[in-house]
Amino acid sequence: MLTRKWWSSLRNGLSRVSRAPAGYRAIHRRYDVIVVGGGHAGTEAAAAAARVGAETLLVTQKIDTIGALSCNPSLGGVGKGQLVREVDALDGLCGRAGDRAGIHFSVLNRSKGPAVWGPRAQLDRQRYRDFIQAELLATPRLEVMEGSVEELLVEEEVDPERPGRHRVTGIRLAGHTPPLEASSVILTTGTFLSGFLFLGQTSSPGGRIGDPPSSSGLSRTLKETLGLQVGRLRTGTPPRILKDSVDLTLATLHPPDQHPTPFSFLNTHTHCKPEEQLPCYLVRTTPGVDRVVMESLDDNSHIQQDTKGPRYCPSIESRVLRFPGRSHQVWLEPEGMTSNLLYPQGLSMTMPPDMQLRLLRQIPALHRVEISTPGYGVQYDYVCPTQLCPSLQVKTTQGLFLAGQINGTTGYEEAAAQGLWAGVNAARSALAAPLLALSRTESYIGVLIDDLVTRGVTEPYRMFTSRAEFRTLLRPDNADLRLTLKGFEEVGCVSAQRYNEAVRVKEGLEEAFATLGSLSRSPRDWRKTLETSSISQSKGGTLTATELLQYNDITYDDLAAALPESLAPFLEFSQRLKIEAVYRPHCELQKKEIQRIQREEGMYLSPDLDYLSLPVSLSNEVREILDRVRPTTLGAATRLPGMTPAAIVHLLNFVTQKNNNQKKIIHNQHSRAHKKPSGPEPSEGGERAGAVS
């Protein structure tokens, strides 16, 4: 066990000394929350649970791999950057860690609207890991233990006021140690749940090369004791190559943004100075790559498996087999500020190491390349996420929460988002507070979780902006306004410092828009004031300064330069004001649709509804879908694959009628409770007629 006191004296060297026996102490007591796994989901879950107020224990197989970037050393991207910003808005870790460890910042999709911009950073692996570990070990109410979980402890004595057939009571570690008790347990096992590593024709138990395999007891508990539906997925990683063996003169240079955009709303700049950033490089595959892939198929057991892999990050073997003869992009990305390793994104592979070297050398810039670590594949168990509630609690097991790749997702950002929300609800469950759900109308995290629990997965799930119906509202620039205030006032996971800053920003933006709205002039006067020809000569009436910001080539800085007395005080919000002004009319048009979805999400479906015998006109197919997934709200039911419009109408009528009946019962009970007692009226003297004194 690592204590905060022990950590304070060794803060700068945790990754080097954390295995020292003096850093551990045997404590066997009850926790509010136990988190299993120290990856991106586990670290966010543990930190969030502790912020909410729960006494929390994080159990991981190796303390010095907490916060490790197992695959690509990067964070963010299109859709993923939105998740990072939302995690940060809820006081999570990964955004600030990215700002600390970033060595190449860029905003993807700049050619499109700001709603689909994708903040992204290439990271220094060691800096990222050090930051996450330092944050965790300095977090109040959070302890960290190194160990392998042998068994999940559950019992059938449940809280009758809550749904579920089982109740989690804690965990047992390998090595015949006493059990560790907890009210809530969060499993964030990543690829370690019955994981197997594949390289050529060889395979061995494990979830990441260089780390010990996890216990099979955990997977057995989920399947046999809890009866959960468990599937199998696969992923892979490319070989790491030596930078000084690459001829970068034959690659296309891609520099970072000159002005790095931080992930965190608390940061105005990144740790890495703009001029210190490192470039990335682009190369392409050749026909020789295809040839080596085809020659290696007989020696590649992983690619021969039927297990589903990631559609949007496939191995080079899968790409060649699916698109023969096509040239594919390969990005050469630095692994650290002082690292001599490059990460060849796009070349995930599982063929034998000698074939991997042959394949790499088919690319001109890599004709003399040397491999530091070969690529490999991983297969692992995942739990079908339709068995979860929107709180990420398992429907049949009180106190058990799942987050990350165990739910069928892929990516650091998706894992971090789930981890944070599972941590929030696990803590609230342990502290006897109601569980919460995020709506898909208010966050990408809500979209992610709703997709998982209502639709399930058939392949590793990755976030894209196209998955969000209201992406013009759910922008990366306004995640703090959408979530930080709620995170403090309703959820309890946001610090007062961050809350106060969000309130300041909100009030500043409101004051700025009030000022912009009050500045109204004729188009002719605006053309003269701004010295611009953007405003049409034929346009009549008046225009406010807010409406002017909707013109592409008019910026807030332009307006502030022309009207400094009124607008200069709000220059710190210039980009946010421009973006908000552009999208505000469209967001107003979406309000009705958002309100409809929110009404449907407010119509709850009882977890014990017998859909197979429900007195409603539903087809057998629809009944089976509802019985299998058991959606928690009408809104979730409408998004289930296979649900017909007629079925939705019938279900809506049933829920409405049931709610009306309940209201009548409550009204009648209330009326009876306040009805005057029968009998003769009291006399004028205050006593009942006939009463004996």
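As a reminder, the structure under discussion sits directly above these lines.
The rules behind the values
Residues numbered from 1 in each chain as written. Predicted model: local features only at pLDDT ≥ 70, side-chain atom pairs only at ≥ 80, totals over all residues. Heavy atoms only, no water. Helix = DSSP H or I, 4+ residues; strand = E, 2+ residues; numbered from the N terminus. Buried < 20%, exposed > 50% of the residue type's maximum accessible area, 1.4 Å probe, protein only. Contact = heavy atoms within 4.5 Å. Areas by Shrake-Rupley, 256 points an atom, 1.4 Å probe, with all protein chains shown as cover. Salt bridge = Lys/Arg side-chain N within 4 Å of Asp/Glu carboxyl O. Pairing = 2+ DSSP bridges. Axes fitted to C-alpha atoms, helices over the stretch in contact; angles between N-to-C directions. Core = buried A, V, L, I, M, F, W, Y, C linked by side-chain atoms within 4.5 Å. Left-handed = near helix turned anticlockwise from the far one by under 90°. Nonpolar A, V, L, I, M, F, W, Y, C, P; charged D, E, K, R; others polar.

## Here we look at the overall build of the chain
The helix and strand inventory of the chain stands at 22 helices and 23 strands. Counting over 693 residues, the chain shows a buried share of 55%. Long-range contacts, defined here as pairs at least 24 residues apart, represent 72% of the contacts in the chain between residues at least 6 apart. Split by element, the accessible area of the chain, about 30700 Å² in all, is 51% carbon and sulfur.

## So, the pattern of salt bridges
Tallied over the full model, the rule gives 35 salt bridges. A salt bridge links Arg208 to Asp211, with the nearest nitrogen and oxygen atoms 2.6 Å apart. Classification of Arg208 by relative accessible area gives buried; the value is 16%. For Asp211, a relative accessible area of 13% translates into the label buried.

## Some words on the pairing of strand β16 (residues 329–334)
Where strand β15 (residues 280–284) and β16 come together, four bridges link them in antiparallel fashion. Each bridged residue has a counterpart across the sheet, and for Tyr281 the counterpart in β16 is Leu332. In this structure, β16 lies alongside strand β17 (residues 341–345), joined through four bridges in antiparallel fashion. Considered in β17, the bridge of Pro334 is made with Leu342. Linking two consecutive strands that pair antiparallel, namely β16 and β17, is a turn of six residues.

## A look at the sheet that holds strand β12 (residues 230–237)
Spatially, four strands are ordered β11-β10-β19-β12 in an open sheet, and the strand pairing comes out antiparallel. Edge positions in the sheet fall to β11 (202–205) and β12, since each of these pairs with one other strand and no more. Adjacent strand axes in the sheet meet at a mean angle of 25°, parallel and antiparallel pairs treated alike. As defined by bridge partners, strand β10 (residues 196–199) adjoins strand β19 (residues 376–383) across three bridges and the pair is classed as antiparallel.

## Some details on the environment of Glu531
As for its position among the elements, Glu531 is in the loop between α15 (523–530) and β23 (543–544). C-alpha of Glu531 to C-alpha of Asp558: the two residues are 27 residues apart in sequence and 9.9 Å apart in space.

## Focus on the nonpolar core
Nonpolar side chains in soluble globular proteins tend to be buried together. Membership of the largest hydrophobic core comes to 105 residues, with the highest contact counts inside it found for Ile34, Ile171, Val185, Leu222 and Leu400. For this core, the element with the most residues is helix α11 (residues 412–430), which contributes eleven residues. Residues in contact with Val185, not counting those within four places in the same chain, are Ile34, Val36, Leu152, Val168, Gly170, Ile171, Gly399, Leu400 and Phe401. Core analysis: the second largest hydrophobic core is formed by 25 residues, Tyr281, Met349, Leu359 and Ile363 among them.

## What to know about the pairing of β17
Consecutive side chains of a regular strand alternate in pointing toward one face of the sheet and then the other. Where strand β13 (residues 240–242) and β17 come together, two bridges link them in antiparallel fashion. By the bridge assignment, Leu242 is partnered in β17 with Leu341.

## Points about the packing of helix α14 (residues 496–518) against helix α19 (residues 574–601)
Running from amino to carboxyl end, α14 crosses α19 at an angle of 65°, the nearest separation of the two axes being 11 Å. Between α14 and α19 the crossing geometry is right-handed. Each of Val505, Leu509, Ala512, Phe513 and Leu516 in α14 lies in contact with α19, whose residues at this interface are Arg576, Leu577, Glu580, Ala581 and Arg584. Split by residue class, the contact of α14 with α19 holds seven nonpolar, no polar and three charged.

## So, the sheet that holds strand β14 (residues 252–254)
Spatially, the six strands line up as an open sheet ordered β14-β15-β16-β17-β13-β18, and their pairing is antiparallel. Sheet topology places β14 and β18 (371–373) at the edges, where each strand pairs with a single neighbour. Pairs of neighbouring strands in the sheet enclose a mean axial angle of 35°, with direction left out of account. When β14 meets β15, the two strands line up antiparallel, connected through three bridges. In the strand pairing of β15, Thr252 is matched with Leu282.

Fair warning: the whole summary comes from geometry, so function is off the table for now.
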